[in-house]
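Spelled out, the chains give:
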Amino acid sequence: MRLLVTGGCGFIGANFIRLMLARHPDWTIVNLDKLTYAGNRLSLADLEQGPEDRYLFVRGDICDPDLVAGLLADHGLEAVVNFAAETHVDRSINDPAPFIGTNVQGAQNLMDCARRAKTARFVQVSTDEVYGSLGPEGAFTEDSPLAPNSPYSASKAAADLMARAYFKTYGLPVVVTRCSNNYGPYQFPEKLIPLMFLKACRDQTLPVYGDGLNVRDWIYVDDHCLGLESALLKGRPGEVYNFGGAAEKTNLDLVRALLALLGKPESLIEFVQDRPGHDRRYAMNFEKAGKELGFAPGLDFDQGLARTIDWYRANQAWLDSVQSGAYRKFMDHWYGDRP
Ligand code: NAD
Ligand code: TYD
């Protein structure tokens, strides 16, 4: 398999590339990433020391039609997995425009290039957030209505609908996957778990939005990546598949568990002003992915959280470089100014 992965210097993309190259010695991956603030080439720097016919990094924008068409043709790429996105809800509230540029127009450009190149498979990596917010009972199925509440989730829902249109209109063999909150190594510390880890280690207060009773379903990143692998290999074109971790937690319970693991006091928790439009609860029904793809979340949440904390502890240098912006300087050394 010769694969184009976009956004591979981000959290899930980096884990996906590592896992797929380890599991499939005959796969080649070209990683197209713009290196926004969330992209860190250091996360895969060791792979760049290996042979180019296994892993090749290309800095560029998924919105660039000539670049994407050229990559698909020049490298004979057979499939695309699109991770590239603006992903942080709080940033989307502050400024929605980049979310439309990358998440909607970029995804559309990729799909267009793929259909022209007759790419055999396209996986659009989406999120449970497109379904909006749940009450205390029930879980989202693939038939739940799309009801996004943030500019981020609205942009992801738009791309999901574009994928549907490209399948119906042009026959693009696209599969859409929707997953719940991921956690694990290489996650940028603006997201809940690495942010709270960093703050707790420094004895800073932990800002919990609202009453802290919003519920998220958490999945260890490798379990999501295995689901994506099966969607790539076995997913039916035109279909949507939900993935979840079967681990619903209130934010407050999660932060308390983290503090207990770190041996830090709960008095560090500070309730702060809520996020506007903050979805109350997400939960996923992933029976369809179980039946058709053999998907099941493997790692239990407590084990996964402990493993994640161990990783951040052992990779403090990665976290510090991201926090201090040193990784940007490192990349500027290679590329000059960043966008
Ligand atoms: P991330 O923010 O860590 O990484 C995004 C990556 O995309 C970065 O490397 C960035 O440089 C790159 N990128 C951004 N704009 C680009 C552009 N125009 N061209 C090329 N590259 C660009 O994101 P993540 O958490 O790894 O999420 C990856 C995908 O998975 C996203 O599509 C997201 O919506 C989806 N998703 C994430 C979660 C989660 O919990 N993190 C859950 C479900 C779905
Ligand atoms: P986040 O990691 O931003 O993921 P998402 O909003 O995509 O689910 O946030 C996870 C949950 O944690 C969400 O309910 C918002 C909450 N949260 C806080 O309470 N404090 C914080 O500082 C952050 C970043 C998030």
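Computed from a prediction, not measured in an experiment: that's the story for all the values here.

K.L.:
Where do I start with the overall build of the chain in this structure?
P.N.:
The helix and strand inventory of the chain stands at 12 helices and 12 strands. Taken across its 339 residues, the chain has 55% of its residues classed as buried. In the chain, the proportion of contacts linking residues at least 24 apart, taken out of those at least 6 apart, comes to 83%. Of the roughly 13900 Å² of accessible surface on the chain, a fraction of 51% belongs to carbon and sulfur atoms. Each charge class in the chain can be summarised by its mean position, and for the 35 positive and 43 negative side chains these summaries are 2 Å apart.

K.L.:
Looking at this structure, how should I read the nonpolar core?
P.N.:
Proteins that are soluble and globular tend to have nonpolar side chains buried together. One finds Leu-3, Phe-16 and Phe-243 to be the most contacted residues of the largest nonpolar core, which totals 70 residues. Examining the composition of this core, we find that eight residues originate from one element, helix α1 (residues 11–23), more than from any other. With 31 residues, the next largest nonpolar core counts Tyr-186, Val-255, Phe-301 and Leu-305 among its residues.

K.L.:
Mind showing me how you'd approach the sheet that holds strand β7 (residues 181–183) here?
P.N.:
Sheets are built from strands paired through backbone hydrogen bonds, the pairs being either parallel or antiparallel. A sheet is described by the order of its strands in space; here three strands give the open sequence β7-β9-β11, paired in mixed fashion. Of all the strands in the sheet, the pair left with one neighbour each is β7 and β11 (248–250). Pairwise comparison of adjacent strand axes, ignoring direction, gives a mean angle of 50 degrees for this sheet. Two strands pair when backbone bridges link them, and β7 and strand β9 (residues 215–220) are joined in this way by three bridges, in the parallel orientation. Each bridged residue has a counterpart across the sheet, and for Tyr-183 the counterpart in β9 is Tyr-220. Docked against the sheet, helix α8 (residues 251–262) engages β9 and β11, running at close to 85 degrees with respect to β11.

K.L.:
Could you clarify how one ought to interpret the state of the cysteines in this entry?
P.N.:
In total, this model carries zero disulfides according to the counting rule given. Of the cysteine sulfurs around Cys-225, a residue in no disulfide, the closest is that of Cys-179, at 9.0 Å. The class for Cys-225 is buried, based on a relative accessible area of 0%.

About the thresholds
- Residues numbered from 1 in each chain as written.
- Chains lettered and ligands numbered in written order.
- Predicted model: local features only at pLDDT ≥ 70, side-chain atom pairs only at ≥ 80, totals over all residues.
- Heavy atoms only, no water.
- Helix = DSSP H or I, 4+ residues; strand = E, 2+ residues; numbered from the N terminus.
- Buried < 20%, exposed > 50% of the residue type's maximum accessible area, 1.4 Å probe, protein only.
- Contact = heavy atoms within 4.5 Å.
- Areas by Shrake-Rupley, 256 points an atom, 1.4 Å probe, with all protein chains shown as cover.
- Lys, Arg positive; Asp, Glu negative; His and termini not counted.
- Charge placed at Lys NZ, Arg CZ, Asp CG, Glu CD.
- Core = buried A, V, L, I, M, F, W, Y, C linked by side-chain atoms within 4.5 Å.
- Pairing = 2+ DSSP bridges.
- Axes fitted to C-alpha atoms, helices over the stretch in contact; angles between N-to-C directions.
- Disulfide = S-S within 2.5 Å.

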